[in-house]
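# A structural walkthrough
The residues making up each chain are set out below.
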Amino acid sequence: MIARLFSMGLYGLEAFTVEVEADLAKGVPCFDIVGLPGTAVKESRERVRSALKNCGFAYPTGRITMNLAPADKKKDGPLYDLPLLMALLKATGQLQAETDDSVFIGELSLSGEIRPVLGALPMAIAARKAGFRRLFVPAANAKEAAVVEGIEIYPVSGVRELVDFLRGRGQLPTATFSPTQGDDTAEALLDFADVRGQLEAKRALEIAASGGHNVLLIGPPGSGKSMLAKRLPSILPEMTMEEMLETTEIHSVAGTIPHGGTLIRRRPFRSPHHSVSAAGLSGGGSIPRPGEISLAHNGVLFLDELPEFTRPAMESLRQPLEDGVVSISRVSGTITYPCSFMLVAAMNPCPCGYFGHPTRACTCSANAVNHYLGRISGPLLDRLDLHVEVPPISFDEFTSREKGEPSAAIRERVNRAREIQNQRFAGTGISCNARIPPAMLHEVCIAPPQTLELLRTAFEKLGLSARAFDRVLKVSRTIADLDGSREIQPRHAAEAVQYRSLDRRYWDREL
């Protein structure tokens, strides 16, 4: 007898329908799974066998063949445990129910409990698009999947309650989503009011948040670089529903959503250690999982001690910073993950950290300083829009009881600037000034002759590359938006140029 039902497969962020077929035949007892199963799928037979027996169902004797179609796509992960078991129950006649409008996903324990799986959200979206009416998911994944409208989500804790429901002997409440649901357990954001002094650095981060620009913070140890960077999320604008869904999909596939969690409402802040590999940043594996740059999508990627990262890791950022996506190629195919993030990097000016310090002497040789700074390539430096010096704070600033400007006040200005950008780019798919394409740059960055003359002088004297000049224009546009100006005035361009001249002090110099 042959029985069938449906599950879902996942390759990157792409989910697809999987037809699960069960065939029972006489012969030497065996349990075969075909259809390009991965190791975790092959191990499903032992979990299915134990779960059946421990839930009081009969395990069939003879030859069992399970097929996962389409057979040309690899199936990996334990999410096929539940559909394999349900197909086997149908094939043995222990379950007689209509399931053609339903999808089943879930990992089994040996006792028949249903455990959470990765990628519930993208699979729920694909199930709805495929026209299915019901989706049975582990209870821990229900809130995440319930975000999707147009399909009934049933949270299931165990095999027995699912079978009873399908037989019409029990009830399973559907999971619902409320717009107010979100990461309520997330920690409170750090506030800029805690930062003493550093007005110039705060201003630069406000500009960066307003336009989605990348930032390099350079200064001696203890000057507050990390402290400033960790407070950047507190001034970023609220995420749109589209951004929440995109971000949650990535974290769903990566398995970083807490069990029972739902939409990610706060912009991610990822801060990998400098020992991270290039694959750890960009993503990898036989079926590539998202890396740190994709987990930072719609948020911030903070690289502290930038020169300590390996050269391959740093260079792996170049293409994603330009394109907003990262493509990972394997023999089985190519997976593309979105990675539109703000890069915030922090570094010391030399190995000892005190090169250029006003009161402490640097103990590094000229070659050591050059070698240290040389770890950061010119192309990567070109992609960092604002280069900001973070000097040591004075004793008076450190001991002052006067609080700095709170994040809430800064965020109001950021939101106003973003609203101008939202109106400007409505219907174009562009989210902020940092994402202005070259073809649209001169149409958006309107500047009078005085501003153009200032930019010409800066271009020639600083020897800016075409990419660096484009980024100066984008930063100028953001500063003008903060000022509420339609045109880029000379003062806006002068401030933007100031943030591109710091690298000349450290990289283009004679020691």
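Quick caveat, the model's predicted, so the values are computed rather than measured. (Residues numbered from 1 in each chain as written. Predicted model: local features only at pLDDT ≥ 70, side-chain atom pairs only at ≥ 80, totals over all residues. Heavy atoms only, no water.)

### Some words on the pattern of salt bridges
If the charged atoms of two oppositely charged side chains come close together, the side chains can form a pair. What counts here: One speaks of a salt bridge when a side-chain nitrogen belonging to Lys or Arg is within 4 Å of a carboxyl oxygen belonging to Asp or Glu.
This structure, assessed with the given rule, holds 28 salt bridges. When salt bridges with common partners are traced through the structure, they connect Glu322, Asp382, Arg383, Asp385, Arg467, Arg471 and Arg500 into a single cluster.

### Remarks on the sheet that holds strand β11 (residues 269-270)
Test applied: Strands are treated as partners if at least two bridges between them are detected by DSSP. In DSSP terms, a helix is any run of H or I states spanning at least four residues, a strand is any run of E spanning at least two, and both are numbered starting from the N terminus.
Sheet architecture is open: five strands sit in the order β11-β14-β17-β10-β18, paired in parallel fashion. Looking at the sheet topology across the chains shown, the edges are occupied by β11 and β18 (386-389). Alignment of strand β10 (residues 215-218) against strand β17 (residues 342-347), held across four bridges, turns out to be parallel. In the strand pairing of β17, Ile218 is matched with Met347.

### As for the packing of aromatic side chains
Our working rule: The rule is short: rings of Phe, Tyr and Trp, with Trp giving its six-membered ring, pair when the centres are within 6.5 Å, and they are stacked under 30 degrees, edge-to-face over 60, tilted in between. Note on exposure labels: buried denotes an accessible area under 20% of the residue type's maximum, exposed denotes more than 50%, and partly exposed covers the range between, all computed with a 1.4 Å probe on protein chains only.
All chains considered together, the criterion is met by seven aromatic pairs. For the pair Phe6 and Phe132, a centre-to-centre distance of 5.3 Å together with 55° between the ring planes defines the contact as tilted. Of the two residues, Phe6 is situated in strand β1 (residues 2-11) and Phe132 in the loop between α4 (120-129) and β8 (134-138); the sequence distance between them amounts to 126 residues. Neither residue differs from the other here; Phe6 and Phe132 are each classed as buried. When the centroid spacing of 5.2 Å and the interplanar angle of 45° are considered together, the rings of Tyr154 and Phe165 count as tilted.

### A short note on the side chain of Gln421
As a reminder of what qualifies: Contact criterion: two residues are considered in contact whenever any of their non-hydrogen atoms come within 4.5 Å of each other.
Counting through the fold element by element, Gln421 comes out in helix α17 (residues 407-424). When its relative accessible area of 0% is taken as the criterion, Gln421 is described as buried. For Gln421, the contacting residues outside a window of four places in its chain are Ser210, Gly211, Cys432, Asn433 and Asp481.

### Details of the pairing of strand β3 (residues 30-34)
Of the two faces of β3, only one is covered, namely that formed by Phe31 and Ile33; the face formed by Cys30, Asp32 and Val34 stays uncovered. Pairing of β3 with strand β4 (residues 63-69), which is carried by five bridges, proceeds in the parallel orientation. When the sheet's bridge partners are listed, Val34 is paired in β4 with Asn67.

### Points about helix α20 (residues 466-482)
Since the α-helix packs 3.6 residues into each turn, any two residues three or four apart lie on the same face. The cut-off we apply is this: Multiply 1.5 Å by the residue count of a helix minus one, and that product is the helix's expected span.
The terminal C-alpha atoms of α20, which comprises 17 residues, lie 25 Å apart, in line with the 24 Å expected from a rise of 1.5 Å per residue. Counting buried residues along α20, 13 of its 17 residues qualify, which places the element largely inside the surrounding structure. Gly484, located one to two residues past α20, shows a positive phi value of around 75°.

### Comments concerning the confidence of the model for the protein
Cut-off, in case you're wondering: By definition, pLDDT measures how confident the predictor is in each residue, and it falls between 0 and 100.
Taken over all residues, the pLDDT of the protein has a mean of 90, while the share at 70 or more is 96%. Within the protein, no element has a lower average pLDDT than helix α22 (residues 502-506), which sits at 65, and none a higher one than strand β5 (residues 102-104), at 97.

### Some points on the nonpolar core
The test is simple: By nonpolar core is meant a set of buried Ala, Val, Leu, Ile, Met, Phe, Trp, Tyr and Cys residues that side-chain atoms within 4.5 Å join together.
Counting 101 residues, the largest nonpolar core has Met66, Met86 and Leu317 as its most contacted members. When residues of this core are assigned to their parent elements, the largest contribution, eight residues, is made by helix α3 (residues 81-91). Grouped together as the second largest cluster of nonpolar side chains are 47 residues, Leu205, Val300, Ala468 and Val475 included.

### What to know about the packing of helix α2 (residues 44-54) against α3
The criterion, for reference: Axis geometry follows a simple rule: fit a line to the C-alpha atoms, using only the stretch in contact for helices, then measure angles between N-to-C directions, giving values from 0 to 180 degrees. In what follows, roughly perpendicular refers to angles from 65 to 115 degrees, roughly parallel to angles under 35, roughly antiparallel to angles over 145, and oblique to any angle outside these ranges. By convention the crossing between two helices is left-handed if the near helix lies anticlockwise of the far one by an angle smaller than a right angle, and right-handed if it lies clockwise.
Interaxial distance between α2 and α3 falls to 9 Å at its minimum, and their mutual angle equals 55°. With respect to α3, the axis of α2 lies oblique. When you trace α2 past α3, the crossing you get is right-handed. The segment α2 lies against α3, with Ser44, Arg47, Val48, Ala51 and Leu52 engaging Asp81, Leu84, Leu85, Leu88 and Leu89.

### Describing the environment of Ala201
For Ala201, the position within the fold is in helix α7 (residues 199-211). By relative accessible area, Ala201 is classed as buried at 1%. Once the C-alpha coordinates of Ala201 and Val163 are considered, the two residues, 38 residues apart in sequence, prove to be 60 Å apart. With sequence-adjacent residues up to four places away left out, Ala201 is seen in contact with Leu228, Val388 and Val390.

### Comments concerning helix α14 (residues 366-373)
As a reminder, the rule being used: Each direction from the helix axis to a C-beta atom contributes to the arc, which is the arc of those directions.
Taken as a whole, α14 has its buried residues at Val369, Tyr372 and Leu373. Buried residues along α14 cover an arc of 90° about the axis, so they all sit on one side. More than 90 degrees from the buried face of α14, the exposed residues found are Asn367 and His371.

### What about the packing of α7 against α20?
Formally: Classification convention: Asp, Glu, Lys, Arg as charged; Ala, Val, Leu, Ile, Met, Phe, Trp, Tyr, Cys, Pro as nonpolar; all other residues, Gly among them, as polar.
Between α7 and α20, the shortest axis-to-axis distance is 9 Å and the interhelical angle comes to 100°. By the angle class used here, α7 and α20 are roughly perpendicular. Along the contact surface, α7 presents Arg203, Glu206, Ile207, Ser210 and Gly211, while α20 presents Val475, Thr478, Ile479 and Leu482. Residues that form the contact of α7 with α20 fall into these classes: four nonpolar, three polar and two charged.

### Remarks on the state of the cysteines
Note the following rule: Criterion for a disulfide: a pair of cysteine sulfur atoms within 2.5 Å.
Counted by the stated rule, this structure contains zero disulfides. The thiol of Cys362 is unpaired, and the distance to the nearest cysteine sulfur, on Cys350, comes to 3.6 Å. The exposure class assigned to Cys362 is partly exposed, which follows from its relative accessible area of 27%.

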